[in-house]
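Descriptive structure summary
Residues per chain, in single letters:
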Amino acid sequence: MFKGKARAYTNIALIKYWGKKNESLILPMNNSLSLTLDAFYTETEVSFSEAYTEDQFYLDNQLQDEKATKKISTFLDIVREKAGTTKKAKVISQNFVPTAAGLASSASGLAALAGACNEALKLGLDDQALSRLARRGSGSACRSIFGGFVEWEKGHDDQSSYAHPISSDGFEDHLAMVFLLLNEQKKDVSSRDGMRRTVETSSFYQGWLDSVEADLYQLKQAIKTKNFQLLGETMEQNGLKMHGTTLAARPPFTYWSPDSLKAMQAVRDLRNQGIPCYFTMDAGPNVKVLVQKDHLDKVKTTFSDLFSSQQVISAFAGPGMTIIE
């Protein structure tokens with residue numbers, strides 16, 4: 001039996017990945033830039049054996065159905081091809097993050113699986129190659145191979161599309177992110193379906209693509225100069241633009257809930273009170289608030305009063321994927 005186990009942390013995109021130019025290779029339409037965080041992670045163990053007659057996938061101690069297992073098997077097929085093996089596998093994954101609620105559980109999950117497979121089959125992949133591999137399972141997973149600030153190069157083929165860390169001189173150590181878990185239910189429109197519908201039908205989508213390069217440049221300047229205001233403003237505007245594209249899709253849709261809007265307004269109110277903080281959202285109703293550590297307590301208190309303390313979780317910059325012995 002060949003066995004490996006890994007842990008990977010979730011990442012939140014400050015400049016969003018939204019739309020694929022190649023569905024099977026998961027090549028994105030634009031570069032994205034994220035921050036890996038320490039509060040949510042996935043631990044995944046994989047074992048390959050001649051004794052297995054089919055792939056099995058357990059998530060949080062539950063054997064998964066055919067649809068969920070097929071996604072994992074498709075990824076394992078890529079791994080098996082690299083390893084030159086036909087052995088079936090058992091995947092046991094523990095998610096320390098609500099699944100499919102817009103908190104990037106697929107990123108940590110597939111990054112951990114990629115690391116575990118690399119260990120189990122002794123593939124000898126370096127971090128860049130691991131990032132490429134993780135991308136084949138879930139686009140944003142390529143960024144969870146690394147800690148801190150990470151950029152995903154969109155590339156033009158399998159080899160050129162991968163993530164790499166962004167040098168920041170410790171800027172991320174002064175930051176915190178507050179997660180507002182406003183809804184942990186499964187989404188009506190998955191990220192994958194939402195992206196496809198937006199790319200194919202939204203009249204706002206080209207405007208989004210035309211502005212991403214400028215946003216990336218601004219964000220990198222903010223990291224380089226440790227300018228929190230520029231970082232926050234660029235992140236917030238980029239996230240709102242991404243969500244704006246969904247409103248012009250056919251049929252239109254949104255990931256926002258009434259509580260999402262309430263949280264966004266609360267962030268604006270905090271800024272008006274002199275507390276610098278900024279929000280972003282992925283493909284789900286949950287809001288993430290970027291804040292300097294000095295103001296974290298005030299932000300947490302505000303949202304604990306507005307919602308409940310159980311819905312408010314703080315996170316700091318997290319590490320990259322690690323192998324668990």
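Each chain has its residues counted from 1, running along the sequence as written. For this predicted model, a pLDDT threshold of at least 70 governs which residues receive local features, and a threshold of 80 or more governs which side-chain atom pairs are given and counted, while totals over whole chains, interfaces and linings are taken from all residues. Only heavy atoms go into the side-chain values, all of them from the structure, while hydrogens and water stay out.

Rules: UniProt positions are given in the numbering used here, feature names are shortened, and annotations may be inferred rather than shown by experiment.
The protein chain is annotated in an unreviewed UniProt entry as diphosphomevalonate decarboxylase from Enterococcus hirae. As recorded by UniProt, the Sequence similarities (unreviewed entry) comment attached to the protein chain reads in full: "Belongs to the diphosphomevalonate decarboxylase family."

Regarding the environment of K20
We apply this condition: Each helix is a run of H or I in the DSSP string that is no shorter than four residues. Each strand is a run of E no shorter than two, and both are numbered from the N terminus. The buried label applies to any residue whose accessible area, calculated with a 1.4 Å probe on protein chains only, is under 20% of its type's maximum; exposed applies above 50%, and partly exposed to all values in between. Throughout, a contact is declared for two residues whenever any of their heavy atoms are within 4.5 Å.
In this fold, K20 is placed in strand β2 (residues 20–22). Here K20 falls in the buried class, since its relative accessible area comes to 11%. In sequence terms K20 and R196 are 176 residues apart; their C-alpha atoms lie 7.5 Å from each other. Ignoring any residue separated from it by four or fewer positions in sequence, one finds K20 in contact with I26, L27, P28, M29, R192, M195 and V199.

Structural notes on the pattern of salt bridges
We apply this condition: By definition here, a salt bridge exists when the distance from a side-chain nitrogen of Lys or Arg to a carboxyl oxygen of Asp or Glu is within 4 Å.
Under the definition given, this model contains 14 salt bridges. D282 is paired through a salt bridge with K16; the nearest N and O atoms lie 2.8 Å apart. Linking D282 in the loop between β11 (277–280) and β12 (287–292) with K16 in the loop between β1 (2–15) and β2, this pair joins segments that are 266 residues apart in sequence. Measuring nitrogen to oxygen at the nearest pair gives 3.4 Å for the salt bridge that ties R196 to D193. Residue R196 and its partner D193 are located together in helix α4 (residues 191–201), separated by three residues, close to a single helical turn. The partly exposed category is assigned to R196, whose relative accessible area is 32%.

With respect to the environment of Y41
Within the secondary structure, Y41 is located in strand β4 (residues 32–49). Between the alpha carbons of Y41 and R7 there is a distance of 6.9 Å; along the sequence they are 34 residues apart.

Examining the packing of aromatic side chains
Filter applied, for reference: The aromatic pairing rule takes the rings of Phe, Tyr and Trp, using the six-membered ring of Trp, and pairs them if the centres are within 6.5 Å, calling planes under 30 degrees apart stacked, those over 60 edge-to-face and the rest tilted. Lysine and arginine charges are scored as sitting over a ring when NZ or CZ, respectively, is within 6 Å of the ring centre and within 35 degrees of the ring normal.
In total, this model carries nine aromatic pairs according to the counting rule given. Consider the rings of W18 and Y255, whose centres lie 6.3 Å apart with planes at 80°: the pair is edge-to-face. Note that W18 is positioned in the loop between β1 and β2 and Y255 in the loop between α6 (228–247) and α7 (258–272), a separation of 237 residues in sequence. For W18, a relative accessible area of 2% gives the class buried. By way of ring pairs, the aromatic residues Y9, Y41 and F96 are connected into one cluster. The ring of Y41 is capped by R7, whose NZ or CZ atom sits 4.5 Å from the centre of that ring.

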